[in-house]
Amino acid sequence: MEELIVYLKIIQKRWLPASLVFAVVFIIMGWERSRKAVPLYRANGTIVFQSSTPSLTSELGLSEEKNLTNDLVLMKSDSFAEQVRNDLQLGTDVNNQNLLQNLVATNPQNTDVIQLSFTDQDPEKAAAIVNAWIENYVRLDKELEQTQTRELAQFLQQQIPQTQESLEATAEKIKDFKQNNRILDINAEASSTTEILSELDAQIAETQAQLAAQKSRRDDLRKLFQIDSDTAVTSSFINESPIVSSLIQELEGIETKIEQEKLRFGDRHPEVSRLEKEKKVLEEQLEKYLKNVSPQNNISQQDINENNIYQPGTSQSQLLVQYSEAERNIKSLEAQLDSLNDLINTYRERVDTLPSLEFEQKQLQRELTTKDEILQSLIKNYQDSQIALNNTQGNVRFVELAKVPSTPAIVRKNTYLIQGFLAGILMGSLVAYLLERLDKGVRDVEQIKEYFGQPILATIPNFFRKSKRIKQNITSDLPVRDHPSSPISESFRTLCTAIKFIGIQDGSPKNNLKVITISSSVTAEGKSTIAANMAIAASGLGSKVLLIEADLRKPGQKKIWSEKPHQKGLGDLLTTDEPFSLSQYIIKEQENLDVLFAGNNKSNPVALIGSPQMAYLIQKLRQKYDLIILDAPPVSVAADAQILARMSDGMLLVVRQGKVNTSLLSITKESLELAEVNILGLIPNCFTTDKNNYYYYYNYSYYHQDSEEPKKKIL
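Notes on the structure follow.

Each value, and the rule that gives it
Throughout, a residue's number is its position along its own chain's written sequence, starting from 1. Residue-level local features of this predicted model are given only where pLDDT is at least 70; pairs of side-chain atoms are given and counted only at 80 or more, and the full residue set underlies all totals for whole chains, interfaces and linings. Hydrogens and waters are ignored; side-chain quantities use all the structure's heavy atoms. Comment: elements are numbered from the N terminus, with helices defined as DSSP H or I runs of at least four residues and strands as E runs of at least two. Only protein chains enter the accessibility calculation, which uses a 1.4 Å probe; a residue is then buried when its area is under 20% of its type maximum, exposed when over 50%, and partly exposed in between. The contact criterion used throughout is that any non-hydrogen atoms of two residues lie within 4.5 Å. Each accessible area value is a Shrake-Rupley result obtained with a 1.4 Å probe; residue values ignore everything except the protein chains displayed when judging cover. At least two DSSP bridges between two strands are needed for those strands to be called paired. Fitting a line to C-alpha atoms yields each axis, with helices limited to the stretch in contact; the angle taken between N-to-C directions then spans 0 to 180 degrees. Buried residues of nine kinds, namely Ala, Val, Leu, Ile, Met, Phe, Trp, Tyr and Cys, make up a nonpolar core once their side-chain atoms join them within 4.5 Å. A pair is scored as a salt bridge if a Lys or Arg side-chain nitrogen falls within 4 Å of a carboxyl oxygen belonging to Asp or Glu. The aromatic pairing rule takes the rings of Phe, Tyr and Trp, using the six-membered ring of Trp, and pairs them if the centres are within 6.5 Å, calling planes under 30 degrees apart stacked, those over 60 edge-to-face and the rest tilted. A positively charged side chain is recorded as over a ring if its NZ (Lys) or CZ (Arg) lies within 6 Å of the ring centre. The angle to the ring normal must also be within 35 degrees. Surface patches are drawn from residues lacking salt bridges whose relative accessible area is over 30%; two like charges belong together within 9 Å, two nonpolar side chains (Val, Leu, Ile, Met, Phe, Trp, Tyr) within 5 Å. In summary, the charge assignment counts Lys and Arg as positive and Asp and Glu as negative, without counting His or the chain termini. Taken as the charge centre is NZ of Lys, CZ of Arg, CG of Asp or CD of Glu, depending on the residue. Polar contacts here mean pairs of N or O atoms no more than 3.5 Å apart (in protein, one a potential hydrogen donor and the other a potential acceptor; neighbouring residues in sequence count only if both atoms are side-chain atoms). Throughout this description, any angle smaller than 35 degrees is read as roughly parallel, any larger than 145 degrees as roughly antiparallel, any in the 65 to 115 degree range as roughly perpendicular, and the remainder as oblique. It is the rotation of the near helix from the far one that decides the hand of a crossing: anticlockwise by less than a right angle makes it left-handed, clockwise makes it right-handed. By the convention adopted, Pro, Cys, Tyr, Trp, Phe, Met, Ile, Leu, Val and Ala count as nonpolar, Lys, Arg, Asp and Glu as charged, and the other residues, Gly among them, as polar.

On to the overall build of the protein, then. A tally of regular secondary structure across the protein gives 25 helices and 13 strands. Per-residue burial over the protein gives 39% buried out of 715 residues. In the protein, the share of contacts with a sequence separation of at least 24, taken over all contacts with a separation of at least 6, comes to 80%. Accessible area for the protein stands at about 41100 Å²; split by element, carbon and sulfur atoms hold 50% of it.

Spelled out as structure tokens, the structure:
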């Protein structure tokens, strides 16, 4: 709200240029266009699309869901406009850009509808353009659908032989896999292998039991004969042959006789020799028969004697046969057990490889099935695409062509007037705002207050301003003296009262404000006039006042007070070495008011103002006067104002509208802050805005009514 008020103030201030800009813009954009405006007719058409497109490409997932935004962009394309223009033979006076600007294509939310409208001065032309647009789009949509289906058919035709070759290659892989791994039915093989392993485990267990029984029997027989297995086998072979048994018995009998005869007759007895020859014959016969009896033909009589082969006998022979059978059975069972272990290991290795073989076979089978399904699908879709090429209808379900409008849709006269009015307001406001931004001058009292952060002690209006609301006739620079009942005089009294309140806090003196410096940023801001009138107002309030013209460079008090040009003053007083009296330099202008003018000596003003004599003079004058006002030079001219402000109790800064800008105020503020000057307050001068001078107008009316009251009574 505050920003709006600021803008309204700116427009109020810059009303003249803003009004001129508004008038020009309104006439050009509103009035002139409204005089030439003609009515416009709007033709409307509608295209309704399929909610879900039953096309072959959508079933295959090769086309996206229908997006009407893309259709809107297509309809607004330059190529589409060119086609419509050529169909209607509109000529060169109508270009594609004009068609696209006047065409409106919209898609209502959550619908499968596109609405087309075209605006033109000729209603028949507008309807023809909309219908041509719809017909071209329907034809293009059908062509696009056919093209897409044709491309799909070509793609399927290329993919079918490739997929068939891949299918055959996979089938060949499966055949090689089964042949290389000797697989007919892997599931049946796994089941039968499991049964075989169970049977083999049972056979191994039975064989191990038989082997353990045979070993136990052999061990028992071995304890009776104390021979090894080979000897037992040999003994069994010998005992089973009657000739060998009899020869062994005869040989044993002859050996017994030989021993007996040796004992009877000695070693060389003929009987002993005959028996030995008979023994030798028996041994030769035994060797001959042993070769026939032994399975390996390697048994000799010596082996019989050395291995303690038992001689034939009924009990011993049977036991030897059992012992031999036990050894043969053990060897047979051990061989059988080794064979069974080898066989079961072979089957177990096969069982271990069956899962990986089954997994690989399933992968190959799955690949074969997938490729077969793809091939069948490609063949079916290819056949469907051939059928769809002859039956393509596109995505459009229904079309409503445009009719020739009978009544105008737009009467642009009022529209142009409104547009011109709004544009005029906008441009006028913009110009006023730019002028305000480019204007660096001080615009109102609040701006000064915010800039310095100091209070406004009093606002001094323009003495000589003429206004319908203000009928004043002030020609003097000293209205407080010459027009004491005027509102301007009251403004200066208010200023003096405000200065008194600055020095009082809680009813007691805060600062002894006896010496006050008055200055400004630049020349011609009215500081000297304000200083003179302020001195008169203060003296009228009962204070003993001294006005010192401290501007030795360009003094102005003599002109205001109409004094003699060669009157001695401050410059002469500060440079004299002779004894003097203040009465020689100070002029008494009226009761309670003395003036010390600048004088005639203007050599080196800074040195004079900053001299000890000046400080001594101010200290001496403090004892004599209630208020001393120093009319100092402008701050931006020289350092005199800063020096005087440091000697005084504070400074009053005069700011005049139209004489100073924000840049100068910035320099002045920085200069005073560096000098650590005590700024008592601000005095705006000649601000002409009615808001800032309301108090002045009110006072004027109040005093003017009082002065006119006697006349009314007389009348």
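Bringing the sheet that holds strand 11 (residues 627-631) into the picture now. The seven strands are arranged 9-10-8-11-7-12-13 in an open sheet whose pairing can be described as mixed. Of all the strands in the sheet, just strand 9 (587-590) and strand 13 (679-685) have a single pairing partner and so form its edges. Mean inter-strand twist for the sheet, computed between neighbouring axes without regard to direction, equals 25°. One ladder, built from six bridges, connects strand 12 (residues 650-656) with strand 13; its direction is parallel. By the bridge assignment for strand 13, Val 654 is matched with Ile 683. Running at roughly 170° to strand 11, helix 18 (residues 527-540) makes contact with strand 7 (515-520), strand 8 (545-549), strand 9, strand 10 (593-596), strand 11, strand 12 and strand 13 of the sheet.

Residues Leu 546, Ile 548, Leu 570, Leu 596, Leu 617, Leu 621 and Ile 628 are the most contacted members of the largest nonpolar core, which totals 42 residues. If near-sequence neighbours (up to four positions away) are discounted, Leu 570 is found in contact with Ile 548, Glu 549, Ala 550, Leu 552, Leu 596, Phe 597, Ala 598, Gly 599, Ile 609, Met 614 and Leu 617. By size, the runner-up hydrophobic cluster in this structure holds 38 residues, among which are Ile 474, Phe 492, Ala 498 and Leu 680.

What follows covers the pattern of salt bridges. Opposite charge on two side chains permits pairing when their charged atoms draw close. In this structure the tally under the stated criterion is 12 salt bridges. For Lys 215, the salt bridge goes to Glu 334, with nearest N and O atoms at 3.6 Å. Here Lys 215 is found in helix 8 (residues 186-225), whereas its partner Glu 334 is found in helix 13 (residues 314-388), with 119 residues between them in sequence. The class of Lys 215 is partly exposed, set by a relative accessible area of 31%. With its nearest N and O atoms 2.9 Å apart, the salt bridge here joins Glu 367 to Lys 371. Of this pair, Glu 367 and Lys 371 both sit in helix 13, four residues apart, roughly one helical turn. Classification of Lys 371 as buried rests on a relative accessible area of 18%. The network of salt bridges with shared partners includes Lys 527, Asp 551 and Asp 631.

Turning to the packing of aromatic side chains, a few remarks are in order. Each aromatic ring pair is summarised here by two numbers: the centre-to-centre distance and the angle between the ring planes. Considering all chains together, one arrives at three aromatic pairs under this definition. Ring centres of Phe 22 and Phe 26 lie 6.0 Å apart, and the angle between their planes is 15°; this geometry places the pair in the stacked category. Of this pair, Phe 22 and Phe 26 both sit in helix 2 (residues 15-35), four residues apart, which is roughly one turn of that helix. When its relative accessible area of 23% is taken as the criterion, Phe 26 is described as partly exposed. Between Phe 49 and Tyr 137, the ring centres sit 5.8 Å apart and the planes meet at 80°, which makes this aromatic pair edge-to-face. Note that Phe 49 is positioned in strand 1 (residues 41-49) and Tyr 137 in helix 7 (residues 123-180), a separation of 88 residues in sequence. Each member of the pair, Phe 49 together with Tyr 137, is buried. One aromatic cluster is present, built from ring pairs that chain together Phe 22, Phe 26 and Phe 421. Over the face of the ring belonging to Tyr 625 we find Lys 544, whose NZ or CZ atom lies 5.4 Å from the ring centre.

Only one face of strand 2 (residues 103-106) is buried: it carries Leu 103 and Ala 105, and the other face, with Val 104 and Thr 106, is open. Where strand 2 meets strand 3 (residues 113-120), four bridges bridge the pair, whose relative direction is antiparallel. The partner of Ala 105 across the bridge, within strand 3, is Leu 116. Linking two consecutive strands that pair antiparallel, namely strand 2 and strand 3, is a turn of six residues; a positive phi of about 60° is found at Asn 110 within it.

Backbone geometry places Asn 592, a non-glycine residue, at a positive phi of 70°. Mapped onto the fold, Asn 592 is located in the loop between strand 9 and strand 10. Residue classification places Asn 592 among the partly exposed positions, given a relative accessible area of 28%. Backbone geometry places Glu 676, a non-glycine residue, at a positive phi of 55°. Within the secondary structure layout, Glu 676 lies in the loop between helix 24 (662-674) and strand 13. The exposure class of Glu 676 is exposed, given its relative accessible area of 62%.

Taking burial as the measure, the nine residues of strand 1 include seven buried ones, the bulk of the element. As paired strands, strand 1 and strand 3 are joined by eight bridges and run antiparallel to one another. Looking at strand 3, one finds that Arg 42 is bridged to Thr 119.

Time to look at the environment of Glu 360. Structurally, Glu 360 is set in helix 13. The exposure class of Glu 360 is partly exposed, given its relative accessible area of 38%. Here the alpha-carbon distance between Glu 360 and Phe 177, two residues 183 residues apart in the chain, equals 8.9 Å.

Taken together, the side chains of Lys 544, Lys 588, Lys 620 and Lys 624 make up a positively charged region of the molecular surface. By secondary structure assignment, the location of Lys 624 is in the loop between helix 22 (612-622) and strand 11. Here Lys 624 falls in the partly exposed class, since its relative accessible area comes to 43%.

On the secondary structure map, Asn 685 appears in strand 13. Within the structure, Asn 685 has its side chain in polar contact with the backbone oxygen of Glu 525 (distance 2.9 Å). The residues touching Asn 685, leaving out its near neighbours within four places in the chain, are Ile 460, Pro 461, Glu 525, Gly 526, Ile 530, Val 654, Val 655, Arg 656 and Gln 657.

To continue, consider a nonpolar patch on the surface. On the surface, Tyr 7, Met 427, Leu 430, Tyr 433, Leu 434 and Leu 438 cluster together into a nonpolar patch covering about 580 Å² of accessible area. With five residues, helix 14 (residues 412-438) is the single largest residue contributor to the nonpolar patch. Tracing the chain through its elements places Tyr 433 in helix 14. When its relative accessible area of 32% is taken as the criterion, Tyr 433 is described as partly exposed.

Glancing now at the packing of helix 4 (residues 68-75) against helix 7. Put simply, helix 4 and helix 7 touch, their axes get as near as 12 Å, and they point 125° apart. In terms of orientation, helix 4 and helix 7 fall into the oblique class. Considering the relative orientation of helix 4 and helix 7, their crossing is right-handed. Between helix 4 and helix 7, the residues in contact are Asp 71, Leu 74 and Met 75 and Trp 133, Tyr 137 and Leu 140, respectively. In terms of residue class, the contact of helix 4 with helix 7 is built from five nonpolar, no polar and one charged.

Once that is clear, we can look at helix 23 (residues 640-647). It helps to recall that an α-helix has 3.6 residues per turn; residues three or four apart then point in one direction. In terms of residue burial, helix 23 counts as a mostly covered element, since six of its eight residues are buried. Along helix 23, the residues that are buried comprise Asp 640, Ala 641, Gln 642, Leu 644, Ala 645 and Met 647. Looking at the buried residues of helix 23, the elements they touch are strand 7, helix 21 (605-609), helix 22, strand 11, strand 12 and helix 24.

These results come straight from atomic positions and should not be treated as a statement about function.
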